[in-house]
Amino acid sequence: MTVEIGKNSVRQPAAGGPAWLAVAHPVVPWLLGLLVLLPLPMLTTNAYQQYIINVIGINVILAVGLNIVKGFAGQVTVGHVALAAIGAYSSAVFSTHVGLPFWLALPAAMLVTGAAGALIGIPSFRLEGAYLALATLGLAESVRIVISGTEYLGAGIGFENIPPPFLGGFALDSHRSYYYVVMPLALAGIYFSFSILRSDIGRAFKALREDPLAAAASGVNVRKYKVIAFVLSALYAGCAGSLQAHIAPGFIHPNSYTITEMVTLLLMVVFGGIGHIWGGVIGAVLVTIINDLTQDYYQYRMAIFGSVIVLTVMFMPRGIWGMIDDYLVRRRFKAIREAKSRAT
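Attention in this report is confined to the structure presented alongside it. (Residues numbered from 1 in each chain as written. Predicted model: local features only at pLDDT ≥ 70, side-chain atom pairs only at ≥ 80, totals over all residues. Heavy atoms only, no water.)

**Description of the packing of helix 10 (residues 259-272) against helix 12 (residues 298-315)**
Orientation of helix 10 relative to helix 12, taken along the N-to-C sense of each, is 30°, at an axis distance of 10 Å. Comparing their axes, helix 12 and helix 10 come out roughly parallel. Where helix 10 crosses over helix 12, the two elements pack in a sense that is left-handed. Here helix 10 contributes Thr-260, Val-263, Thr-264, Leu-266, Leu-267, Val-270 and Phe-271 to the contact with helix 12, which in turn contributes Met-302, Phe-305, Val-308, Ile-309, Thr-312 and Val-313. In the contact of helix 10 with helix 12, the residues fall into ten nonpolar, three polar and no charged. (Axes fitted to C-alpha atoms, helices over the stretch in contact; angles between N-to-C directions. Helix = DSSP H or I, 4+ residues; strand = E, 2+ residues; numbered from the N terminus. Parallel < 35°, antiparallel > 145°, perpendicular 65-115°, else oblique. Left-handed = near helix turned anticlockwise from the far one by under 90°. Contact = heavy atoms within 4.5 Å. Nonpolar A, V, L, I, M, F, W, Y, C, P; charged D, E, K, R; others polar.)

If you want it as structure tokens, here you go:
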């Protein structure tokens, strides 16, 4: 509960809630979440399960980033996987050819990917809907084809011998140790996504999503915020791509960034709930697990995933988190009505 006093606001604890929540810093729940997730690798029984947990964390970053441009700003893009490829190969080049450590290669790759995101955002000035989707799809395939034909990037053989992160003199080359790189970055990505959504930029994104003409008439610089949405989304993709490059065994291939991976990423966002941050997280977790369990049926996987996307849009347009959100809203209004009836 928040009590307004002039221009200031004082947060009050909810009835029956712990008093320390009234004075706790907003970061405190995230630090508690970090502590809860710390022992997760200890609960796995083998290295492959630890690897899947790392893949889930990387996919969470990708899905949260895609949700910014698609869920918040309403821009239809299917080129997010190309941005991840740019981030992965940039980080690989910085760490192997330039000699930068992972802790510098990661932000450098994010900057490169952010610049690419700004370039991708330019067509959105003139294109919308299916036309923008086709343009970004063509760009995604172009990036993959260029990488496949560039010897400096490993061409069709792939880019290998990418070094793992080092902490002091200790190499984080096992899946268990690498988890402690991926998990904090995933949590930070979710936290900053909430911060963006609650800021003036987030409100401008939502206005842009609902009606660009009305947003422009209200004083929102449509072109500016479209580019900002693509850049922010690209920064997330660059971070995820860098993490993909440095995970053991330190090998990336252009075939890891095809339309198949883009459909899988879209399913994460649609199935979890477009425009809902936690929906993207839930979608990333569930789809990654399902994707792993259906490896033996890979020839039917895209047909299954495509059908799930269509059925979700038809019968569950707000995704899993949208259903949860609807339930919580109905429950809240029911409690308010019951409280009013008791008061009268």
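On we go from here.
**Digging into empty space enclosed by the protein**
Scanning all chains against the criterion turns up one cavity of 30 Å³ or more. Counted as a void, the largest cavity has a volume near 40 Å³. Every residue along the wall of the largest cavity is listed here: Val-69, Thr-77, Gly-79, His-80, Leu-83, Ile-120, Phe-230, Ser-233 and Ala-234. For the lining of the largest cavity, the secondary structure elements donating two or more residues are helix 3 (80-98) and helix 9 (222-246). No other element matches helix 9, which puts three residues into the lining of the largest cavity. For the lining of the largest cavity, the class distribution of residues is five nonpolar, four polar and no charged. (1 Å grid on protein atoms, 1.4 Å probe; cavity = no way out; pocket = protein on both sides within 12 Å on 5 of 7 lines; lining within 4 Å. Points joined across faces, edges and corners; volume = space filled by probe spheres on them.)

**Observations regarding the packing of helix 2 (residues 47-72) against helix 10**
Running from N to C, helix 2 and helix 10 point in directions that differ by 75°, and their axes come no closer than 9 Å. Taken together, helix 2 and helix 10 sit at an angle that is classed as roughly perpendicular. Contacts between helix 2 and helix 10 pair Asn-59, Leu-62, Ala-63, Leu-66, Asn-67 and Lys-70 from the former with Met-262, Leu-265, Leu-266, Met-268 and Val-269 from the latter. Classifying every residue of the contact of helix 2 with helix 10 by side-chain character gives eight nonpolar, two polar and one charged.

**What about the packing of aromatic side chains?**
This model, assessed by the stated rule, comprises ten aromatic pairs. Between Tyr-179 and Tyr-180, the ring centres sit 5.2 Å apart and the planes meet at 80°, which makes this aromatic pair edge-to-face. On the basis of relative accessibility, which here comes to 5%, the residue Tyr-179 falls in the buried class. Looking at Tyr-180, the relative accessible area reads 31%, which means it is partly exposed. In this structure an aromatic cluster arises from ring pairing among Trp-30, Tyr-191, Phe-192, Phe-194 and Trp-278. (Phe/Tyr/Trp six-rings, centres within 6.5 Å; stacked < 30°, edge-to-face > 60°. Buried < 20%, exposed > 50% of the residue type's maximum accessible area, 1.4 Å probe, protein only.)

Take it as geometry only, folks, not as evidence of what the structure does.
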